[in-house]
Amino acid sequence: MSDREKFDLDAYLERIGWAGGARADLATLRGVHLAHALALPFENLDPVSGRVPSLEPADVVAKMVHGRRGGYCYEHNTLLRLALEALGFRVTPLAGRVVLGADTPESRPRTHAMLRVEVPGEPLPYLADVGFGAIGALLAPVPLTVGEEFEDGGRRHRFTRLPHEGPLELWALQAYDGAARDWVSQYAFTLEPFTAADFEVFNWHVGSNPRSPFTRRPYLQRTTAERHLALDGARLTETRADGTVAVRELAGEAEARRVVAEEFGIEVPEGLELLGRLSGG
């Protein structure tokens, strides 16, 4: 039995709160993508606790659909891929380099996952990505075309192409930074397809390498219609829809666990001290 045949689409749609269409059309793609982005948090608590997250479909569904957990890019976009394929879309996994904060695209490895989605009746494929842990992340899918600006869930994005020496065109997703009044590249990618075996390697590196930022401290993101929350170690940043930003340091382990449970909707894995490693524990 294929992953598509085994996938519990109804349970997934209930988990993300989507009660709209369940067809392979643009309205469903947009609605499901936005609902997923708003319902399921980004989090790396498994790598912080010393466990590499499983990308097996049954494990991803058990954790994110039936459990009070989120995940990072590989888990999120594996789950979205399974759902979109169950809905009848043709989906191609892609891999990109995170260039946000990097000197050059080549200075970062390809460690981010995203999806190319073909929509029946639409002339262009769409980029879907519910697993980018930053405020510049997509909230809705956008068509793969250069020269247009897209508004998705209150955010603004566009594609540009970057010069490089490879044989394939190098795309960059850019987000508009209202505070800086400028476009900022988030990640760069080609349209070369990647396989589950590729992502197993990426996942193992990101989820187990002691130099990976995802193994060293808690990193959580949660987006709602009113605000974006980010927890980086003990620092909690709240960015409201009007652009105002509030930053504070959590007082200790008890407050951190309460914030993760109440604000991010996540059940902390048994035995994990959220701030223990930050203080040498």
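Okay, so let's go over this structure. Quantities reported herein were computed from a predicted structural model and do not represent experimental measurements.

When strand E1 (residues 90-98) meets strand E2 (residues 110-118), the two strands line up antiparallel, connected through eight bridges. By the bridge assignment, Arg97 is partnered in E2 with Arg110. As defined by bridge partners, E1 adjoins strand E8 (residues 182-189) across three bridges and the pair is classed as antiparallel. Bridging across to E8, Arg97 finds its partner in Ala188.

Let's shift gears to the pattern of salt bridges. Note that side chains of opposite charge can pair when their charged atoms are close. Per the stated rule, a full pass over the model turns up 21 salt bridges. Glu85 is the salt-bridge partner of Arg81, the closest N and O atoms lying 3.1 Å from each other. Within this pair, Arg81 and its partner Glu85 are both found in helix H6 (residues 73-87), separated by four residues, close to a single helical turn. For Glu85, a relative accessible area of 19% corresponds to the buried category. Close ionic contact of Arg217 with Asp232 constitutes a salt bridge, the shortest N to O distance being 2.4 Å.

One can find Asp8 in the loop between helix H1 (3-6) and helix H2 (9-16). The exposure class assigned to Asp8 is partly exposed, which follows from its relative accessible area of 38%. When the C-alpha positions of Asp8 and Ala83 are compared, they lie 8.4 Å apart, and in sequence the two are 75 residues distant. Engagement of the side chain of Asp8 in a polar contact is seen with the backbone nitrogen of Ala11, the distance being 3.1 Å.

Following the sequence through the fold, Gln174 ends up in strand E7 (residues 170-177). Given a relative accessible area of 9%, Gln174 falls into the buried group. Polar contacts involving the side chain of Gln174 include one to the side chain of Arg158, which spans 2.7 Å.

Definitions and cut-offs
- Within any chain, residue numbers begin from 1 and follow the written order of that chain's sequence.
- It should be noted that, the model being predicted, local features are given only for residues of pLDDT at least 70 and side-chain atom pairs only at 80 or more, the latter also being counted only at that level, while totals for whole chains, interfaces and linings use all residues.
- With hydrogens and water excluded, all non-hydrogen atoms of the structure serve as input to the side-chain values.
- Note: two strands are recorded as paired if DSSP finds a minimum of 2 bridges between them.
- Counting from the N terminus, the helices are the DSSP runs of H or I reaching at least four residues and the strands are the DSSP runs of E reaching at least two.
- Counted as salt bridges are all cases of a side-chain nitrogen of Lys or Arg within 4 Å of a carboxyl oxygen of Asp or Glu.
- Exposure is judged per residue with a 1.4 Å probe applied to protein chains only, and the accessible area is read against the type maximum: over 50% gives exposed, under 20% gives buried, and values in between give partly exposed.
- Two N or O atoms count as a polar contact when they lie within 3.5 Å, although within protein this holds only if one can serve as hydrogen donor and the other as acceptor, and sequence-adjacent residues are included solely when both atoms are side-chain atoms.

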